[in-house]
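Fold and geometry: a report
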Amino acid sequence: MKRKIIKLKNKLITKIKHVKKDKVIQEYIKNNVLFLTFVISCVFNSTILRFFTMHTLENYLAFKPILADVSILIIIGSFGYLLRPKYRFSYYLIFNIFFSALCMINSIYYTFYTSFASISMLSLTQYITTVGDAVVENVLQIKDLIYIIGPISMIIVNSKLKKKNYFKKVEVKSERKRKSIKTLTAGSILLVLFIVTLSSLDISRFAKQWNREYIVMRFGIYIYQANDLVSSLQPKINSLFGYDKAMKDFKDYFKDKDKESTNKYTDIFKDKNVLVIHAESMQNNLLSKSFNGVELVPNLKKIASEGMYFSNFYSQVSVGTSSDTELTYNTSLMPTQSGTAFVSYFDRTFNSTPKYMNNLGYHTFVMHANNADFWNRRSMYNSLGYKKFYSKENYEVNRDNTIGLGLSDKEFFKQSIPKIKKIDEKNEKWYGLMIMLTNHTPFSDVEKYGEYDLSIKENVTNDEGVTEEVVHTYLEGKKLGNYYKSAHYADQALGELFEQLDQNGLLDDTVVIIYGDHDARISRKEYDFEANYDKETDSKLSKDDPNYKEYDTYQYELDRKVPFIIWTKDMKGSKLNMEIKDVMGMYDVAPTIGNMLGFSNEYAMGHDIFNIKSNNIVVFPNGNWVTNDLYYNSQKGEYFSINNEAISEEKIKENNSYATKLLNVSNNMIVFDLLKKQEEEKEVFSTSNERS
Ligand code: GP9
Ligand code: MN
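All residue numbers here refer to positions counted from 1 along the written sequence of the relevant chain. To read the labels, note that chains go from A and ligands from 1, taken in the order they are written. Totals for whole chains, interfaces and linings use all residues, but because this is a predicted model, local features are given only for residues with pLDDT of at least 70 and pairs of side-chain atoms are given and counted only at 80 or more. The basis for every side-chain value is the complete set of heavy atoms in the structure, and neither hydrogens nor water enter the calculation.

Focus on the overall build of the protein chain
The condition is simple: Each helix is a run of H or I in the DSSP string that is no shorter than four residues. Each strand is a run of E no shorter than two, and both are numbered from the N terminus. Between buried and exposed lies partly exposed: a residue is buried under 20% and exposed over 50% of the maximum accessible area for its type, with that area taken using a 1.4 Å probe on protein chains only. We call two residues in contact when some of their heavy atoms are within 4.5 Å. Accessible surface area values rest on a Shrake-Rupley calculation with a 1.4 Å probe, where residue burial reflects the displayed protein chains alone. Neither His nor the chain ends contribute to the count of charged residues, in which Lys and Arg are positive and Asp and Glu negative. Charged groups are reduced to one reference atom each: NZ for lysine, CZ for arginine, CG for aspartic acid, CD for glutamic acid.
Secondary structure assignment for the protein chain yields 27 helices and 22 strands. A principal-axis box enclosing the C-alpha atoms of the protein chain has dimensions of 105 × 105 × 55 Å. When the 692 residues of the protein chain are sorted by exposure, 52% land in the buried category. In the protein chain, the share of contacts with a sequence separation of at least 24, taken over all contacts with a separation of at least 6, comes to 77%. When the accessible surface of the protein chain is totalled, it reaches about 33100 Å², and 56% of it is carbon and sulfur. Taking the average location of the 89 positive side-chain charges in the protein chain and that of its 83 negative ones, the two points are 16 Å from each other.

Digging into the pairing of strand β6 (residues 363–367)
What counts is decided by this rule: Here the rule is simple: two strands pair whenever DSSP picks up at least two bridges between them. By convention, a crossover is right-handed whenever its connection, traced from the first strand over the helix to the second and viewed with the strands pointing away, goes clockwise.
Burial within β6 is extensive, with five of its five residues counted as buried. Here β6 runs beside strand β10 (residues 430–435); their pairing, made up of five bridges, is parallel. Considered in β10, the bridge of F365 is made with G432. By the bridge criterion, three bridges tie β6 to strand β7 (residues 388–390) in an arrangement that is parallel. Paired with M367 across the bridge in β7 is Y390. In this fold, β6 hands off to helix α18 (residues 377–384), which returns the chain to β7; that crossover is right-handed.

What about the site of ligand 1?
Spelled out, the test is: By convention in these notes, a residue is near a molecule or strand provided one of its non-hydrogen atoms lies within 4 Å of it. By the criterion applied in these results, polar contacts are pairs of N or O atoms within 3.5 Å in which, for protein atoms, one can donate a hydrogen and the other can accept it, and in which residues neighboring in sequence qualify only through two side-chain atoms. Amino acids are sorted into nonpolar (Ala, Val, Leu, Ile, Met, Phe, Trp, Tyr, Cys and Pro), charged (Asp, Glu, Lys and Arg) and polar (every other residue, Gly among them).
Close to ligand 1 lie E280, T321, S322, H368, N370, F374, W375, R377, L437, H440, H518 and R521, which account for all nearby residues. E280 places a polar side-chain atom, nitrogen or oxygen, 3.2 Å from an oxygen atom of ligand 1. Contacts to ligand 1 include H368, whose side-chain N or O atom sits 2.6 Å from an oxygen atom. In terms of residue class, the shell around ligand 1 is built from three nonpolar, six polar and three charged.

Some thoughts on the coordination of the manganese ion (ligand 2)
By definition of the ideal shapes, four donors in a tetrahedron about a metal sit 109.5 degrees apart, and six donors in an octahedron sit 90 or 180 degrees apart. Filter applied, for reference: In this description, a donor is an N, O or S atom within 2.8 Å of the metal centre, a cutoff extended to 3.2 Å for sodium, potassium and calcium. Water is not part of the atom list, which can make sites seem incomplete. Tetrahedral means four donors with every angle between 85 and 135 degrees, whereas square planar (four donors) and octahedral (six donors) require angles over 155 degrees between opposite donors and between 65 and 115 for all others; sites fitting neither are termed irregular.
Protein coordination of the manganese ion (ligand 2) is provided by E280 (OE), E280 (OE), S322 (OG), D517 (OD) and H518 (NE2), with donor distances spanning 2.0 to 2.5 Å. Note that the manganese ion (ligand 2) binds six donor atoms; their angles at the metal cover 54 to 168 degrees, and the shape is irregular.

Comments concerning the pattern of salt bridges
Definition in use: The salt bridge definition used is simple: a Lys or Arg side-chain nitrogen within 4 Å of an Asp or Glu carboxyl oxygen.
For the structure shown, the criterion picks out 29 salt bridges. K410 is the partner of E496 in a salt bridge, and the nearest nitrogen-oxygen pair spans 3.8 Å. Taken together, the residues span a long stretch of sequence, with E496 in helix α21 (residues 479–503) and K410 in helix α19 (residues 409–426) at a distance of 86 residues. Looking at E496, the relative accessible area reads 29%, which means it is partly exposed. Here K410 falls in the partly exposed class, since its relative accessible area comes to 22%. Between K540 and D528 there is a salt bridge, and its shortest N-O distance comes to 3.0 Å. Of this pair, K540 sits in strand β15 (residues 539–540) while D528 sits in helix α22 (residues 524–531); the two residues are 12 residues apart in sequence, bridging distant segments of the chain. Looking at K540, the relative accessible area reads 31%, which means it is partly exposed. Salt bridges sharing common partners tie together K64, D202 and R218.

A closer look at a nonpolar patch on the surface
What counts, and what does not: In this scheme, patches are assembled from residues that exceed 30% relative accessible area and form no salt bridge. Like charges are connected within 9 Å, while nonpolar side chains (Val, Leu, Ile, Met, Phe, Trp, Tyr) are connected within 5 Å.
Where nonpolar side chains cluster on the molecular surface, the patch consists of I119, L229, V230, L233, I237, L240 and F241 and spans about 660 Å² of accessible area. Here I237 lies in helix α12 (residues 234–238). Taking the relative accessible area as the measure of exposure, I237 reaches 35% and is therefore partly exposed.

Points about the nonpolar core
Side chains that are nonpolar tend, in soluble globular proteins, to be buried together. Heads up, the condition is: Definition used in this section: a nonpolar core is a set of buried Ala, Val, Leu, Ile, Met, Phe, Trp, Tyr and Cys residues joined via side-chain atoms within 4.5 Å.
Residues F310, F564, I566 and M669 are the most contacted members of the largest nonpolar core, which totals 74 residues. Residue contributions to this core peak at eight residues, all from helix α26 (residues 649–671). Beyond its immediate stretch of four places on either side in the chain, F310 contacts F564, I566, I580, M584, I609 and F610. Within the second largest apolar cluster, 58 residues are counted, among which are A369, Y395, M436 and A490.

Considerations on helix α9 (residues 175–197)
Applicable threshold: To estimate the expected span of a helix, subtract one from its residue number and multiply by 1.5 Å.
Taking 1.5 Å per residue as the helical rise, α9 with its 23 residues ought to reach 33 Å, and the 33 Å between its terminal C-alpha atoms agrees with that figure. Looking at α9, one finds that the buried residues are R176, S180, T183, G187 and F194.

Examining a negative patch on the surface
Taken together, E602, E679, E680 and E683 make up a surface patch of like negative charges. Structurally, the position occupied by E679 is in helix α27 (residues 674–691).

Some remarks on the packing of α19 against α21
Here is the rule we go by: To define axes, lines are fitted to C-alpha atoms, for helices over the stretch in contact only, and angles between the resulting N-to-C directions are given on a 0 to 180 degree scale. Under this scheme an angle from 65 to 115 degrees is roughly perpendicular, one under 35 degrees roughly parallel, and one over 145 degrees roughly antiparallel; angles in between are oblique. Left-handed describes a crossing whose near helix is turned anticlockwise from the far helix through less than a right angle; right-handed describes the clockwise counterpart.
For the pair α19 and α21, interaxial distance at closest approach is 9 Å and the crossing angle is 20 degrees. The orientation of α19 with respect to α21, classified from their angle, is roughly parallel. As for the relative orientation of α19 and α21, their crossing is right-handed in sense. For the pair α19 and α21, contact is made by D409, K410, F413, K414, I417 and I420 and by Y489, A490, Q492, A493, L494, E496, L497, Q500 and L501, respectively. Looking at the contact of α19 with α21 residue by residue, the class counts come to nine nonpolar, two polar and four charged.

With respect to the packing of aromatic side chains
The relative placement of two aromatic rings is captured by the distance of their centres and the angle of their planes. The line we're drawing: We call Phe, Tyr and Trp rings a pair once their centres come within 6.5 Å, taking the six-membered ring for Trp, and we label the pair stacked below 30 degrees between planes, edge-to-face above 60, and tilted otherwise. Remark: a charge is flagged as sitting over a ring if the NZ atom of Lys or the CZ atom of Arg is within 6 Å of the ring centre and within 35 degrees of the ring normal.
Taken as a whole and assessed by the stated rule, the structure comprises 49 aromatic pairs. Plain terms: the ring middles of F250 and Y603 are 5.3 Å apart, the flat faces sit at 35 degrees to each other, and that makes the pair tilted. With F250 in helix α13 (residues 243–256) and Y603 in the loop between α24 (589–597) and α25 (609–612), this pair connects stretches of sequence that are 353 residues apart. A relative accessible area of 1% means that F250 is categorised as buried. Classification of Y603 by relative accessible area gives buried; the value is 9%. Arranged with centres 5.4 Å apart and planes meeting at 50 degrees, the rings of Y395 and F412 form a pair that is tilted. A residue pair is termed long-range when its members are at least 10 positions apart, and Y395 in the loop between β7 and β8 (402–403) and F412 in helix α19 qualify at 17 residues. Accessibility expressed as a relative area gives 8% for Y395, which makes it buried. Judged by its relative accessible area of 1%, F412 is buried. A connected cluster of aromatic rings, assembled from ring pairs, spans F35, F38, Y81, Y91, Y92, F95, F98, F99 and Y222. The ring of Y390 is capped by K388, whose NZ or CZ atom sits 4.9 Å from the centre of that ring.

Quick word on the sheet that holds strand β13 (residues 510–516)
Spatial strand order, β7-β6-β10-β1-β13-β16-β4-β17: eight strands in an open sheet with mixed pairing. A single partner strand is all that each edge strand has here, and the edge strands are β7 and β17 (578–580). Strand after strand, the sheet turns through a mean of 15 degrees between neighbouring axes, direction not considered. Of the pairings in the sheet, the one linking β13 to strand β16 (residues 564–567) comprises four bridges and is antiparallel in character. Within β16, the residue paired with I514 across the bridge is I565. Each of β1 (273–279), β6, β7 and β10 touches α19; the most contacted strand, β10, lies at about 170 degrees to it.

This is a description of form; function is not addressed.
So this is what it looks like as structure tokens:
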């Protein structure tokens, strides 16, 4: 009996305790509605942002970024308590608007660049507006508007509280400071807890800030953006501090790097004219595709089959997309870790292909029928050494000959032929780059691309014995389908260019170099649909279907290859008519073609592919790398074995440290203008020698 009473007593006590606890929580919520609305709505926004941007790659509900967001918001919110209720609402609202805008901007930015925004890119907004329809169609989406939920919820809650005379009821003047300190302490404890959970990889990535997705997924968008602000000021601050170490690392790096030797391709194209074609968004996998018996890119395929075709070739772009490829192609340097070289560092000294060609007595030029200031090209082309830039101003562009972003490729090539002819007449030898434009995301000017049927047709005999053609829409109307139609158009334009060049005798003594500038930025989902199409239901096969084969992230990464071709009219059937299967990156182009054309850049990040062969490593700006055997994802610390062979931890470590060093030295060369400093040092050295 006694035992029973004690049990009952204990039960009662715990119940009272619970009620008390619940009451405390209830009381806290009741007295801090505005503060809690602020914290919760901002955490909601940042979580939604992670969902819309990264949910296919990572767990957007992961604990770390939520803890980071909560602690920062509590700390910021704690200062609100120091203000009188009248001002407190404004304080929370201003921060809420600011944070919501931050999420919205990042959401839009991610759609366009598949990355998070950086303050250093603010100067690029002018380029974004010039992309016109691409931005409207591709960028602003309903989902980007969800973030206004933050300020709206604050306004609604505040007006409701005001009506209830809430502030008068809960506000005790003497409590303000105490509440603020308590909240600040709670926020700080959470922040410390968050910091304790960080791994050394998290901390080193945070310091470097070049893997933005990783930082947002670990630190949340608010801490990411604060860190970005600091690191965006770095180009300025950076070039003030750390110069000595950067110079030392740079010198050590090139002291250890093997000099390129000559090989059987040395000078094979010396004194020939060179026409380089920057094929916008052209991917390598297009070459093997065919629909309804019609090849997708027959002209490119023909050129590849007649020339030197590098079939395992990657572009190495960061947020500077086209401009990054141009940088890497021309200088064999990697895109910068913050900002873009074309915009933030256009005034640096570069060892670039046009400069070498100028020195070899060539006339150098660029043709691109877009605004000359897009990607700051006008300024950067000066630094790269091109003698003449034919931009939109030099072309006749009107509504009828425009597709997508500007002058259609067919018209661009047509109008360029007389210009090249003139150049050819005036100059003994020339080196020119033509930048295509039509095959650019969002690939929505479909009716202007011309016919290319992407449906599946089949003859079906019904019960009455009547045979009918049944059409399955397949890729018709899909973004990937529109890309294929656009690429088919671009390929036709290439075919016409080759015809016109030939008719004008411009191919007789000319080497044509074609590269795809980067992948088409089409989502993996689209490729998954293509690979797993179910005719019967006109939709993607379900994941449980035995025929379903996921188009996984590694396949997606590997398929981002772009074509790289070196072609001359007489190459077909010669020894040079070959496919090179060794992995190669955009940074290997300058050393490879330099050897063929008669120049050598001793400060190249890449290699002559005919020297390095199967030992090559292609490093990407985000730290990923690929060899002939495997693709390594540095964000996940995972690799995919292309040949199904295991690789030692040791080798991975070695390649990781190679990639880190290379990215660091390349970035420092641009940020600290090391090539210029090196030249200056040499000059000082030689003049002081002369004097002595
Ligand atoms: C713009 C064109 C496209 O002139 O080169 O640039 P992108 O959007 O591909 O970086
Ligand atoms: Mn591009």
